[in-house]
Amino acid sequence: MGNRSPEGFQDVHVMIFIGFGFLMTFLQRYGFSSVGFNFLIASFALQWATLMQGFFHGMHGGKIHIGVESMINADFCTGAVLISFGAVLGKTSPIQLLVMAMFEVTLFAINEFILLSILGAKDAGGSMTIHTFGAYFGLMVTRVLYRPNLDKSKHRNSSVYHSDLFAMIGTIFLWMYWPSFNSAVTAHGDDQHRTAMNTYYSLAACTMATYGMSALTAHDGKLDMVHIQNAALAGGVAAGTAGEMMLTPYGSMIVGVLAGIISVLGFKFLTPILEEKLKVQDTCGVHNLHGMPGVLGAIVGAVTAAVATTDVYGKGMADVFPDVASGEIGASYQGVRQAISLAVTLGIALLGGLIVGFILKLPVFGAPSDAICYEDSIYWEVPGEEEAHDGQLTAVRTAETEKLNN
Amino acid sequence: MGNRSPEGFQDVHVMIFIGFGFLMTFLQRYGFSSVGFNFLIASFALQWATLMQGFFHGMHGGKIHIGVESMINADFCTGAVLISFGAVLGKTSPIQLLVMAMFEVTLFAINEFILLSILGAKDAGGSMTIHTFGAYFGLMVTRVLYRPNLDKSKHRNSSVYHSDLFAMIGTIFLWMYWPSFNSAVTAHGDDQHRTAMNTYYSLAACTMATYGMSALTAHDGKLDMVHIQNAALAGGVAAGTAGEMMLTPYGSMIVGVLAGIISVLGFKFLTPILEEKLKVQDTCGVHNLHGMPGVLGAIVGAVTAAVATTDVYGKGMADVFPDVASGEIGASYQGVRQAISLAVTLGIALLGGLIVGFILKLPVFGAPSDAICYEDSIYWEVPGEEEAHDGQLTAVRTAETEKLNN
Amino acid sequence: MGNRSPEGFQDVHVMIFIGFGFLMTFLQRYGFSSVGFNFLIASFALQWATLMQGFFHGMHGGKIHIGVESMINADFCTGAVLISFGAVLGKTSPIQLLVMAMFEVTLFAINEFILLSILGAKDAGGSMTIHTFGAYFGLMVTRVLYRPNLDKSKHRNSSVYHSDLFAMIGTIFLWMYWPSFNSAVTAHGDDQHRTAMNTYYSLAACTMATYGMSALTAHDGKLDMVHIQNAALAGGVAAGTAGEMMLTPYGSMIVGVLAGIISVLGFKFLTPILEEKLKVQDTCGVHNLHGMPGVLGAIVGAVTAAVATTDVYGKGMADVFPDVASGEIGASYQGVRQAISLAVTLGIALLGGLIVGFILKLPVFGAPSDAICYEDSIYWEVPGEEEAHDGQLTAVRTAETEKLNN
C-alpha cells in the first residue's frame, strides 16, 4: 500500500481529466462546459472522495491515511461522478453538478465499502463500483430531471467536424490508459501485469467489433463517430472486474467483442427507446458505454470467480481471492458474493439517483431552461467578435442565444 | 541520482512541450507560433541548459555528468524560459526568442547555483528558481520592449472558440502532471510521495477557488476561460517550494485557495493597471500565474522551513533539510536562507530582464511591427485557399495582412 | 523480460494511438479517417502481431509467451504498419488497409526474426525493422496503386489552420515519448538510460536543424508546418539503431542534425521528383520522415557497432553486443551484420510491398475513386447541418461530394 508507485496514478489522472473532459466536447456549443465543468466537478469530487473513502476504509487511529493509493481511489470515485455527468450533460447548471457530486461521492463510498469490505467482492477496475454505479445513478437522475420540451435545444445536441476530433482526444487517452486504470490497485507483479494484458486484449477486440457493428448497422455502411468514440471503450469497462482474474487473452477478447456489440446496438436501438418510452434522456449514451458493459463485466467477474481453482491460479490465488485461498470460502461462494454485489450496486445507484434527482429539481440550483440547453454562453464568456475566425457564425449564435433568452 | 527512473522525466517533458505549447494557443491567429516557437525554443533551451547547469553544478573531473536528473533539470530551466515567452508572446521574432533563451538559461543556471549550492535553499518544484525567476525576467523584458501602439494589433489579441479548447489541452496536462513536476527531483519514497500529494491537494483546492472567484468577479456571474486556463494552475506554482515540506493536506489546500484567489484578482484588476501605469504588456498574464503565486510559494516555503521540527519530520528531516538535520543550522535559519533566496531571485530576474530587454531591442533581431503582432502569417506558411474549411475567413485575414504590410 | 515495467509500454502506446493518429489529421477533410482508421488498423495489427511475433520468437513449449515485452513488440510492429498507412493515406479503403496490415505484420515478423535471431543484428528502436521496413513497404504499395488522375482530389490534399494544430498534438507526443520508444526493450539501467539520452539529444538537435532548414529553403524565410510536423521527428528515427550504443551526446546531436537536414530537403526537393518521375504518391512524406532517416540510422548503427571496443563499453558490452562481449565475433563483424540487415530489410520491404500492392488492386476491396480521395464523408457520417458552426462550408462540401458521386 505504502510503496505503490505514482506512475499508475498519473495514468488514471489523465483519464479523469483529459479522457472524460475531452470525450464530452463532442457537442458543438458545449466544449467549454464539457471540459471546464469536468475540471470543476472532478477537482471537487476527488477532495470530497478522499474524506468519504477515508472515513469508510482509510481510518487508522482516528486519522485518515492518505497516499498514492488513496489518490487513485479518489480518482476512481471521481470517475463514477463523471459518468453520471455524461448522462445529464448540457441540461444541468454547475451548482446542480456540484450538489450531485457531493451526494454521489458519499453514496459511492458507502457502496464501495459494502462491496469490498462487507461482502468481500473483488472489483479492481470498477465494473460495478465505478461503471455500473455511475451509469445507473446518472440515468436515474436524468430520468427524474426529464424535460418534455428538450426538443427546443435539439439543434445543438449534435457535433461539428472539429468537436468530434476534440472528442477523439478523450476517447484515445481513455482507451490507451485503461490497462493502467484496471490494474492501478491490483497487487504488484503478476497480478498487475495480467490485469493490464486482459484489459488490453479486451479493448483491442472491442474496437474491431465496434467498427464492424457500426458499419453493419448503418443504412449505407458508413461509420458513426458516436460509436467509435464510445463503444470502442466498452471493452475496458467489461474487463473491470474479471481483468484481474484468469480471464486469459482469448476470454478477454470474447468479452471485448460482446461489449462492443451490445454497446453499438444500444446506441442504435436502445437509446431512442429509453428516451421515448422510459423518458431517460441520456446525452452521452452512458447506458451503452458504462451501464450495460458494466453489468456484463460484473457477470463475467462473478462467473470467472466461481470457476477459479488453485490449479489455475497457483499462489496468485492469495492476491486475487484471499478468502478462497485461505480456505475460508469456496470459489463458487465468491461468485455469489460478486453477484450480490451487482444487485446491491444497482439498488443503491437507482435509489440514490432517484433521491438526488429530486433534490436537484429544487429551483434554487438554477437549471437552464429547455431552450438553452447544450449551450456554453449561459455559463461562459464565449469569444467571438467579428474579427474572429468563425466570426459570422458566432454572431449568429449569439443572436440566437439572445433571442432564446427573451 | 544515478538510479532515478525516467518516468518522472517523461511527465515533466509533457508539461514543457504539450503543456506550455498548447496553453499559449489561445490566441486566434497565433497557434502555429505558440506551439511551434515553444517547440523551437524549448529544444534549444534544454541543450543549452545541459551545458550551463552542467558547468555550474554537474562537473565531475572536468566532464559534465549527464543522466535522467540532468534531463529533468534542463527541462526545469526550459520551463522558466517558456514562462518568459508567455510575457512577450506575439510581439517577438523567433530570433529574439532564441537570443532571450540563450541569456535567460545562463542567468537561470547562475541563480539556481547561488540558491541551491551557495545559500543552501530548498526549491524542489521551483517556486523561486523557475516561476518567480521566469515571470519577473519576462515581465522586465516586455517592459523594456513596451509598444505604445500595440492597439493596432488588439483585435488579434484574443481567442476564438476552438483556440480556447486547444489551450485547455495545455492547461489540463500541466495541471495533471504537476505532482510529478514538483516531486521530480525530490528524494525517492516518502519525500516524493509527500510532495506529489501536497501539490495535488493544492491544485484541487486552487481549481475550486478559481471557479468561485471567476464567477464572483464577473458582472453577470459567467466564467472566464482565461481564469480557468491559468489561475487553476497557480496552486501548483505556489506549492513549488513547500510541497516537499510538511505542509499537510490542509495547509496545501489553504495555499492553493490563496493562489487561486490572487491569480484571478490579478487577471481582473492588476493586469490592466500593469499595462496602463507600468507599461508592462503581459500577453499571457504570467504575473498572475507564475509571478505572484511564485512569490507566495517562496514565502510559504520560508515560513514552513522556519517552523520545521524533528518531531514532525522524523528521519525524513535529512532528506528535506540536511543542514538542519545535521545540526549545522537551526530551522529558523533555514527560513532566512529561503527568504534571502527569494530576494536574490527577484534581483537577478529583474536586472537580467532589463539588460536582455535592451539587447533584444537591437533592430537586427527583426521584431514584428506594431500592426502585425499576434499573427502567424509573418513567420509561417499559413494554409487557407478557397477550398479550405474556413476559406473565406482566411482570405479576409490574408488580405488584411497584406494591407498592414503596405 | 518478465519483470519489465508497464510504464515504457504506456508511453509507446501513446505514440501509436495519439502520435500517429493525430499526426495524420493534417488533411482538411480526412481527420475522422486519419485518427479513426489509425485506431482501427492499430487495434487489429497489435492482435495479429502478438500471434505472428509469438509464432516466430515467443514460443515456449508450444505456447506463445505474452507479457509487457510482447505488448511493446506488438506496438512496434503496429508502428511499421502505420508508417505504411501514411504513404497511402487518403487513397485506400479501410478494407484495403486491414488487408495491408495483415500481410505487413506477417512480413514484419519474418524480417524481424531474420535480423534479430538469425543475423544477430541490434535494432532496439527499430531504425531498420520499423522505420525502413514500414516506409519502403508503404512506398512500394503506393507506387503499385499509382493514380494518374489524383489531381482531381488535389484541392483536398492540404491542411487548414486547425487541422495543422491537431497534427501538432501528434507530432509533439511522438517527439516527447521517443526516448521511451527507443529504450523500451533495451536492458534495464545504464543501457536504457543511455538510449533515452541519445534519443533526446538527437531529437533536440534535429528540431533546431529542421527549423533552420525550413526557413532557409523557403523563398521568403517562412516556416513550413509540414517540415515542423515531420522532419523534427527524424532525429528519433535516425537514433533507432545506434541509440543503444555509445553514440555519445555529441554524436547523437550530429546524427539528429543530419536527419533534420535530409528530411527537410527531402520534403522540398525529393517528394515532387518521386511523384513525377517514379510515380510514388507519398501522402505524408514517409520517405522523408521514416525512409531516409531510417537508412541513415541503420548506417550509423553499423558504423558505431563496427568501432565498439570493450574499453568504451566496459561490462555494458554484454548488454549491447553479447556476441562481441563473449568473444564469438569481432566488433567489425557486428558492423557487417548490421549492414546486411539493412539490405535484407530493404529487400523484403520492397518485394513485399510490390506483391501486397497488387493484391490491394483487386476491385473487391473497394478503393475510392480518384475524385473522392482525401475525403471523410465516403466512410463516415460527417456532421454538419446548417446549424453547425461551420455549417455553410460543410454544406458546400456535402454538395460537392454528391456531385462527385454522380
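Residue numbers run consecutively from 1 along every chain, following the written order of its sequence. Whichever chain is written first becomes A and whichever ligand is written first becomes 1, with later ones labelled in order. Where local features are concerned, this predicted model is filtered to residues with pLDDT of at least 70; where side-chain atom pairs are given and counted, the filter is 80 or more; whole-chain, interface and lining totals use all residues. Note that water and hydrogens are dropped before the side-chain values are worked out from all heavy atoms of the structure.

An unreviewed UniProt entry annotates chain A as Ammonium transporter AmtB-like domain-containing protein originating from Champsocephalus esox. Its UniProt record gives chain A the following Subcellular location (unreviewed entry) comment, quoted word for word: "Cell membrane". UniProt positions are given in the numbering used here, feature names are shortened, and annotations may be inferred rather than shown by experiment.

Colleague: Even after reading the chapter, I still don't get the overall build of chain A, so can you show me in this structure?
Modeller: Counting from the N terminus, the helices are the DSSP runs of H or I reaching at least four residues and the strands are the DSSP runs of E reaching at least two. The helix and strand tally for chain A stands at 16 helices and two strands. The atom set for the radius of gyration is the C-alpha atoms, and the globule formula is 2.2 Å times the number of residues raised to the power 0.38. Rg of the C-alpha trace for chain A: 21 Å, near the compact-globule value of 22 Å for 406 residues, within the 12% margin. Should any heavy atoms of two residues lie within 4.5 Å, those residues are considered in contact. Partitioning the intrachain contacts of chain A with sequence separation of at least 6 by distance along the chain shows that 83% fall at a separation of at least 24. Summed over its atoms, the accessible surface of chain A is roughly 13,000 Å², and 65% of this surface lies on carbon and sulfur atoms. Charged residues are defined narrowly, with Lys and Arg counted positive, Asp and Glu counted negative, and His plus the chain ends left uncounted. The location of each charge is read from NZ of Lys, CZ of Arg, CG of Asp or CD of Glu. The positive charge centre, built from 20 side chains, and the negative charge centre, built from 31, are 8 Å apart in chain A. Residue burial considers only the protein chains on display, and all accessible areas are found by Shrake-Rupley using a 1.4 Å probe.

Colleague: I tried to follow the relation of the copies chain C and chain A on my own but got confused; where do I start?
Modeller: Each of the two chain copies can be generated from the other by rotation about an axis followed by a shift along it. The copies were overlaid by least squares, fitting only the C-alpha atoms of residues that reach a pLDDT of 70 or more in each copy. Once chain C has been moved 0.0 Å along the axis and rotated by 120°, it coincides with chain A to within an RMSD of 0.0 Å. What the rotation and shift describe, once combined, is the action of a three-fold rotation axis.

Colleague: Any chance you could explain the side chain of T345 of chain A here in plain terms?
Modeller: All names here are of chain A. Mapped onto the secondary structure, T345 falls in helix α15 (residues 331-360). For every residue, the accessible area (1.4 Å probe, protein chains only) is compared with the maximum for its type, and the residue is labelled buried under 20%, exposed over 50%, or partly exposed between those bounds. When its relative accessible area of 0% is taken as the criterion, T345 is described as buried. The contacts of T345, once residues within four sequence positions are left out, are N111, L115, M128, T132 and F133.

Colleague: Can you walk me through the packing of helix α5 (residues 127-144) of chain A against α15 of chain A in this structure?
Modeller: Relative orientation and spacing of two packed helices are given, respectively, by the angle between their axes and the distance between those axes. All names here are of chain A. Angles shown run from 0 to 180 degrees and are taken between the N-to-C directions of axes, each axis being a line fitted to C-alpha atoms and, for helices, limited to the stretch in contact. Interhelical geometry of α5 versus α15 gives an angle of 30° and a closest axis separation of 7 Å. The handedness of the crossing between α5 and α15 is right-handed. Charged means Asp, Glu, Lys or Arg here, nonpolar means Ala, Val, Leu, Ile, Met, Phe, Trp, Tyr, Cys or Pro, and polar covers whatever is left, Gly included. Split into classes, the residues belonging to the contact of α5 with α15 amount to 16 nonpolar, seven polar and no charged. Should the near helix be turned anticlockwise from the far one by less than a right angle, the crossing is termed left-handed; should it be turned clockwise, right-handed.

Colleague: What is the right way to look at the interface of chain B and chain C in this model?
Modeller: Put simply, an interface is often sized by how much accessible area is lost when its parts join up. The partner chain C presents 46 residues to the 54 residues of chain B that form the contact. Joining two parts hides part of their accessible area as seen by a 1.4 Å probe, and the buried area is that hidden amount summed over both. Across the interface of chain B and chain C, roughly 4,500 Å² is buried in total on both sides, 71% from carbon and sulfur atoms. We count a salt bridge whenever a side-chain nitrogen from Lys or Arg sits within 4 Å of a carboxyl oxygen from Asp or Glu. Our enumeration of links across chain B and chain C arrives at zero salt bridges. We call two N or O atoms a polar contact when they sit within 3.5 Å, provided that within protein one can donate a hydrogen and the other can accept it, with sequence-adjacent residues counted only if both atoms are side-chain atoms. Counting across the chain B and chain C interface gives nine residue pairs in polar contact (both at pLDDT 80 or more).

Colleague: Which parts of the structure should I look at to understand the environment of T271 of chain A?
Modeller: Residue and element names in this part refer to chain A. Here T271 lies in helix α10 (residues 248-277). When the C-alpha positions of T271 and I348 are compared, they lie 23 Å apart, and in sequence the two are 77 residues distant. The contacts of T271, once residues within four sequence positions are left out, are G266 and N288.

Colleague: Where do I start with the pattern of salt bridges in this structure?
Modeller: Between side chains of opposite charge, a pair can form when the charged atoms approach closely. Throughout the structure, instances matching the rule amount to 18 salt bridges over all chains. Of the charged contacts in the structure, one is a salt bridge between D370 of chain B and R147 of chain B, with a shortest N-O distance of 2.7 Å. You can see D370 of chain B sitting in the loop between α15 (331-360) and α16 (391-405) and its partner R147 of chain B sitting in the loop between α5 (127-144) and α6 (161-182), a full 223 residues away along the chain. Of the residues examined, R147 of chain B reaches a relative accessible area of 9% and is grouped as buried. Salt bridges here are not isolated pairs; linked through shared partners, they connect R29, R156 and E375 of chain A.

Colleague: I'm lost on the interface of chain C and chain A in this one. Help?
Modeller: Contact with chain C, which involves 56 residues of that partner, is made by 46 residues of chain A. Counting each side, the surface lost to burial between chain C and chain A is near 4,500 Å², with a carbon and sulfur contribution of 71%. Between the two partners, chain C and chain A, sit zero salt bridges. For the interface between chain C and chain A, the tally reads nine residue pairs in polar contact (both at pLDDT 80 or more). Put simply, the parts of the chain that give the side of chain C that touches chain A at least two residues each are α1 (6-23), α2 (31-57), α3 (68-88), α6 (161-182) and α16 (391-405) of chain C. Residue contributions to the side of chain C that touches chain A peak at 12 residues, all from α2 of chain C. Partitioning the side of chain C that touches chain A into residue classes produces 30 nonpolar, 17 polar and nine charged.

Colleague: What exactly am I supposed to notice about empty space enclosed by the protein here?
Modeller: Here the idea is plain: a probe the size of a water molecule rolls over the atoms and shows the empty space left. Buried and open spaces are told apart on a 1 Å grid over the protein atoms alone, a cavity being a set of points where a 1.4 Å probe fits but cannot get out and a pocket being an open set with protein on both sides within 12 Å along at least five of seven lines. Residues with an atom within 4 Å of a point are the lining residues. Grid points are joined across faces, edges and corners, and a volume is the space filled by probe spheres set on the points. Across all of its chains, the model carries five cavities of 30 Å³ or more by this definition. Looking at the second largest cavity, the residues that line it are E7, Q10, D11 and Y177 of chain A, E7, Q10, D11 and Y177 of chain B together with E7, Q10, D11 and Y177 of chain C. Within the residue set of the lining of the second largest cavity, elements represented by two or more residues are α1 (6-23) of chain A, α1 (6-23) of chain B together with α1 of chain C. Partitioning the lining of the second largest cavity into residue classes produces three nonpolar, three polar and six charged.

Colleague: In this structure, what is going on with the environment of V257 of chain B? I would like to understand it.
Modeller: Residues and elements named next belong to chain B. Within the secondary structure layout, V257 lies in helix α10 (residues 248-277). Since its relative accessible area comes to 31%, V257 is described here as partly exposed. The spatial distance from the C-alpha of V257 to the C-alpha of F55 is 39 Å, given a sequence separation of 202 residues. When neighbours within four sequence positions are excluded, V257 is seen to be in contact with A205, C206 and A209.

Colleague: Where do I start with helix α11 (residues 286-306) of chain C in this structure?
Modeller: In an α-helix, one full turn covers 3.6 residues, which means residues spaced three or four apart are oriented alike. Residue and element names in this part refer to chain C. A helix is expected to span 1.5 Å for every residue after the first. The end-to-end C-alpha distance of α11, which contains 21 residues, comes to 29 Å, matching closely the 30 Å that a straight helix rising 1.5 Å per residue would cover. When the local axis directions of α11 are compared, the greatest deviation, roughly 25°, occurs at G294. In terms of residue burial, α11 counts as a mostly covered element, since 18 of its 21 residues are buried. At any given residue, the bend is defined as the angle formed between two axes, one fitted to the seven residues that end at that position and one fitted to the seven that begin there.

Colleague: Any chance you could explain the packing of aromatic side chains here in plain terms?
Modeller: Aromatic ring pairs are reported here in terms of the distance separating the ring centres and the angle at which the planes meet. The rule is short: rings of Phe, Tyr and Trp, with Trp giving its six-membered ring, pair when the centres are within 6.5 Å, and they are stacked under 30 degrees, edge-to-face over 60, tilted in between. Going through the model one piece at a time under the given rule, you end up with 66 aromatic pairs over all chains. Geometrically, the ring pair formed by Y313 of chain A and F321 of chain A is edge-to-face, given 5.7 Å between the ring centres and 65° between the ring planes. Here the two residues Y313 of chain A and F321 of chain A agree in accessibility, since each one is buried. Ring plane angle 10° and centroid distance 4.7 Å describe the contact between F32 of chain B and Y161 of chain C, whose orientation is recorded as stacked. Taken together, the residues span two chains, with F32 of chain B in helix α2 (residues 31-57) and Y161 of chain C in helix α6. Grouped by ring-pair contacts, the aromatic residues F17, F32, F37, F39, Y379 and W380 of chain A together with Y161, W175 and Y211 of chain B constitute a single cluster.

Colleague: I'm lost on helix α3 (residues 68-88) of chain B in this one. Help?
Modeller: Residues and elements named next belong to chain B. The terminal C-alpha atoms of α3 lie 31 Å apart, and with 21 residues this matches the ideal 30 Å at 1.5 Å per residue to within 8%. In terms of burial, α3 is largely enclosed, as 21 of its 21 residues are buried. One or two positions beyond α3, positive phi appears at G90, with a value near 90°.

Colleague: Explanation requested: the packing of α3 of chain C against helix α5 (residues 127-144) of chain C in the structure shown.
Modeller: All names here are of chain C. Between α3 and α5, the shortest axis-to-axis distance is 8 Å and the interhelical angle comes to 35°. Between α3 and α5 lies a crossing of right-handed hand. Side by side, α3 and α5 meet where F76, G79, A80, I83, S84, A87 and V88 of the first sit next to T129, I130, H131, F133, G134, A135, F137, G138, L139, V141 and T142 of the second. Taken together, the residues of the contact of α3 with α5 sort by class into 11 nonpolar, seven polar and no charged.

Colleague: Would you explain the confidence of the model for chain A in this entry?
Modeller: Residues shown with low pLDDT carry predicted positions that ought not to be read at fine detail. Residues and elements named next belong to chain A. The pLDDT value tells you how sure the predictor is about a given residue, anywhere from 0 up to 100. Residues at a pLDDT of 70 or more form 93% of chain A, whose mean pLDDT is 91. For residues 385-406, every residue scores under 50 in pLDDT, and the model assigns this stretch 40 contacts once sequence neighbours within four places are set aside. Confidence metrics for the complex model read pTM 0.94 and ipTM 0.93.

Colleague: Sorry, what's going on with the state of the cysteines here?
Modeller: Here is the idea: a disulfide is a covalent bond, and it sits between the sulfur atoms of two cysteines. By definition, disulfides here are pairs of cysteine sulfur atoms that lie within 2.5 Å. Counted according to the given criterion, the structure contains zero disulfides over all chains. As a non-bridged cysteine, C373 of chain A has C284 of chain A as the owner of its nearest cysteine sulfur, 13 Å distant. The exposure class of C373 of chain A is buried, given its relative accessible area of 0%. Here C206 of chain B is not disulfide-linked; the sulfur of C284 of chain B is the nearest cysteine sulfur, at 17 Å.

Colleague: When you look at a nonpolar patch on the surface in this model, what are you seeing that I'm missing?
Modeller: Residues and elements named next belong to chain A. Taken together, the side chains of L51, F55, M59 and I64 make up a nonpolar region of the molecular surface, amounting to roughly 360 Å² of accessible area. Mapped onto the elements of the fold, L51 is located in helix α2 (residues 31-57). When its relative accessible area of 44% is taken as the criterion, L51 is described as partly exposed. Note that patches include only residues with greater than 30% relative accessible area and no salt bridge, and the join distances are 9 Å for like charges and 5 Å for nonpolar side chains (Val, Leu, Ile, Met, Phe, Trp, Tyr).

Colleague: Quick question: what am I supposed to make of the side chain of H131 of chain B here?
Modeller: Residues and elements named next belong to chain B. Here H131 lies in helix α5. In this structure the side chain of H131 is engaged in a polar contact, spanning 2.9 Å, whose partner is the side chain of H290. For H131, the residues in contact, after removing those within four places along its chain, are I83, G125, G126, W178, F181, V237, H290 and G294.

Colleague: When you look at unusual backbone geometry in this model, what are you seeing that I'm missing?
Modeller: Note: most peptide bonds trans; most residues except glycine with negative phi. Despite not being glycine, T248 of chain A shows a phi value in the positive range, around 65°. Within the secondary structure layout, T248 of chain A lies in helix α10. You can call T248 of chain A partly exposed: its relative accessible area is 41%. Phi is positive for Y374 of chain B, close to 55°, though the residue is something other than glycine. Take Y374 of chain B: it is sitting in the loop between α15 and α16.

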